[in-house]
Amino acid sequence: MSLKLTLLGTGTPTPLTHRAGSGYLVSFDEEVLLFDCGPGIARRLLEAGVPPEALTRLFLTHLHYDHSVDYACIVLTRWDQGAGKIPELHVYGPSPLSRMTERLLGSDGAFGPDLEARTRHPGSEFVYERRGGILPRKRPEPIVTEVADGSRIQAENWEVRTAEVVHVQPQLTCLAYRLDTPYGTIVFGGDTAPTGSLTDLAQGGDVLIHMCHLINNVELDPRITGCCSGHLDAARTAREAGVGTLVLTHVTEQLEPPGVRERLVAEAAHVFKGQIVFAEDLTEVPVGPIDPEPIR
Ligand SMILES: [Zn+2]
């Protein structure tokens with residue numbers, strides 16, 4: 001079976017109808033992996049034809065809300081629709097992910113009263129049994145693993161490795177993830193300024209999904225260039241890592257006007273000679289050569 005990569009959300013904290021927050025879906029064999037779940041990603045999953053109960057694992061690059069605010073929504077809808085018949089979701093991310101999970105879903109958490117009602121009230125028990133659940137109903141308990149620089153998550157035929165990247169430390173740790181499968185390698189750069197740790201992690205990858213938050217040579221203030229990347233930063237990292245395809249994502253509105261995005265891709269292509277994809281929500285990106293089809 002092949003490796004399918006779908007860009008669910010390609011935006012920033014700015015609310016836009018055509019760009020949800022960050023979220024990237026990868027499916028192969030029995031795995032359905034989601035990397036980040038910013039605002040709108042729970043909805044984009046449905047639009048991509050994937051019900052929440054199909055998810056097997058969730059990876060969070062960092063706990064900025066544009067990458068994580070749909071976490072509770074995804075866990076709760078997956079649990080509710082799964083009706084006790086699916087395994088708990090595995091969730092990976094930097095500290096304090098365990099604390100965030102407890103404060104959302106624990107008995108004293110934000111959704112504690114909801115979960116108390118949904119596991120105890122006769123009306124909720126009725127719905128649960130109609131969905132095939134067997135009482136008593138248990139609460140959702142996602143299996144949380146906090147990861148850090150150099151972590152390794154190994155499964156039978158795939159592996160994920162992490163590297164810390166440069167974003168808004170020390171308040172939040174941000175990680176990049178590298179997913180190696182028998183069908184190809186995808187690297188999720190997270191939010192970062194240019195850094196050798198991402199270049200090293202991405203070496204030889206098939207696809208590098210890289211932040212493109214600003215226009216290099218236009219945005220020069222070190223307060224923003226010290227924590228975010230532009231199109232040329234992304235292109236240099238892609239070149240130095242020797243990846244096949246660069247996906248420019250985390251797209252701000254100033255990159256969008258007609259003529260601007262084309263210029264950015266053209267300038268990036270001077271630096272990086274591989275394939276470049278300017279990200280759009282719900283785009284499926286081939287993990288391998290992208291060949292144009294002839295006119296039919
Ligand atoms: Zn972000």
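First, a word on scope: everything that follows refers to the structure included in this document. For clarity, every value in this text was computed on a predicted model and none was experimentally measured. (Residues numbered from 1 in each chain as written. Predicted model: local features only at pLDDT ≥ 70, side-chain atom pairs only at ≥ 80, totals over all residues. Heavy atoms only, no water.)

## Quick look at helix H3 (residues 71-82)
Then, number 1: Between the first and last C-alpha of H3 there are 16 Å, a value that for 12 residues agrees with the 16 Å anticipated at 1.5 Å per step.
Then, number 2: Of all 12 residues in H3, 9 are buried; the element is thus mostly enclosed.
Then, number 3: If you check which residues of H3 are buried, you get Tyr 71, Ala 72, Ile 74, Val 75, Leu 76, Arg 78, Trp 79, Asp 80 and Gly 82.
Then, number 4: Where H3 ends, the next residue or the one after it, Ala 83, has phi of about 50°, a positive value. (Helix = DSSP H or I, 4+ residues; strand = E, 2+ residues; numbered from the N terminus. Expected span 1.5 Å × (residues − 1). Buried < 20%, exposed > 50% of the residue type's maximum accessible area, 1.4 Å probe, protein only.)

## Observations concerning the sheet that holds strand S9 (residues 174-181)
Then, number 1: On the basis of which strands lie adjacent, the open sheet formed by 7 strands has the order S7-S8-S9-S10-S11-S12-S13 and mixed pairing. Edge positions in the sheet fall to strand S7 (152-154) and strand S13 (275-278), since each of these pairs with one other strand and no more. With direction set aside, neighbouring strand axes in the sheet form an average angle of 15°. (Pairing = 2+ DSSP bridges. Axes fitted to C-alpha atoms, helices over the stretch in contact; angles between N-to-C directions.)

## Considerations on the environment of Arg 137
Then, number 1: Position of Arg 137 relative to the elements: it lies in the loop between helix H6 (122-130) and strand S6 (143-146).
Then, number 2: For Arg 137, a relative accessible area of 9% translates into the label buried.
Then, number 3: In this structure the C-alpha to C-alpha distance between Arg 137 and Arg 118, which are 19 residues apart in sequence, comes to 8.4 Å.
Then, number 4: Apart from residues no more than four positions distant in its own chain, Arg 137 is found in contact with Trp 79, Asp 80, Arg 118, Thr 119 and Tyr 128.
Then, number 5: Separated by 3.1 Å, the side chain of Arg 137 and the backbone oxygen of Arg 118 make a polar contact. (Contact = heavy atoms within 4.5 Å. Polar contact = N/O pair within 3.5 Å; in protein donor to acceptor, adjacent residues only side chain to side chain.)

## Focus: the sheet that holds strand S1 (residues 4-9)
Then, number 1: Overall, mixed pairing links the 7 strands, which are arranged S6-S5-S4-S3-S2-S1-S14 in an open sheet. Strand pairing shows two members of the sheet lacking a second neighbour, S6 and strand S14 (283-285), which therefore form its edges. The sheet shows a mean angle of 20° between the axes of neighbouring strands, taken without regard to direction.
Then, number 2: For strand S3 (residues 31-35) and strand S4 (residues 57-59), the ladder comprises 3 bridges, and the chain directions are parallel. Within the sheet, the bridge partner assigned to Leu 33 lies in S4 and is Arg 57.
Then, number 3: Its contacts with the sheet put helix H4 (residues 97-105) on strand S5 (90-93) and S6, and the angle it makes with S6 is roughly 150°.

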